[in-house]
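Residue-level listing of the chains:
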Amino acid sequence: MSIFGIVLFLLIGGMAFWLLAFMLGFVLPYWIHLGVMEKLRPKRILDEEE
């Protein structure tokens, strides 16, 4: 039963590691890029003609 606990611990730890690696490698840069593009996009409030 002790081996099962160690294997389960390593499995959960490995999944957490790869999820963190994915988030740092893809999700975080994508989120930052979206935020920068939102700040750099010109505002269209003044361009509206009624």
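Below or above, wherever it landed, is the structure these notes cover. (Residues numbered from 1 in each chain as written. Predicted model: local features only at pLDDT ≥ 70, side-chain atom pairs only at ≥ 80, totals over all residues. Heavy atoms only, no water.)

**Concerning the overall build of the protein chain**
And step 1. When helices and strands are tallied, the protein chain shows one helix and zero strands.
And step 2. Taking all 50 residues of the protein chain together, 0% fall into the buried category.
And step 3. On the protein chain, roughly 5,300 Å² of surface is accessible, and the fraction owed to carbon and sulfur atoms is 76%. (Helix = DSSP H or I, 4+ residues; strand = E, 2+ residues; numbered from the N terminus. Buried < 20%, exposed > 50% of the residue type's maximum accessible area, 1.4 Å probe, protein only. Areas by Shrake-Rupley, 256 points an atom, 1.4 Å probe, with all protein chains shown as cover.)

**Regarding the packing of aromatic side chains**
And step 1. Under the counting rule described, the total for this entry stands at three aromatic pairs.
And step 2. Measuring from ring centre to ring centre gives 5.0 Å for F17 and W18, while their planes differ by 70°; the resulting arrangement is edge-to-face.
And step 3. On the basis of relative accessible area, F17 is assigned to the partly exposed category, the value being 48%.
And step 4. Given the relative accessible area of 61%, W18 is considered exposed.
And step 5. Taken together through their ring pairs, the aromatic side chains of F22, F26 and Y30 make up a single cluster. (Phe/Tyr/Trp six-rings, centres within 6.5 Å; stacked < 30°, edge-to-face > 60°.)

No statement about biological role is implied by the geometric values presented.
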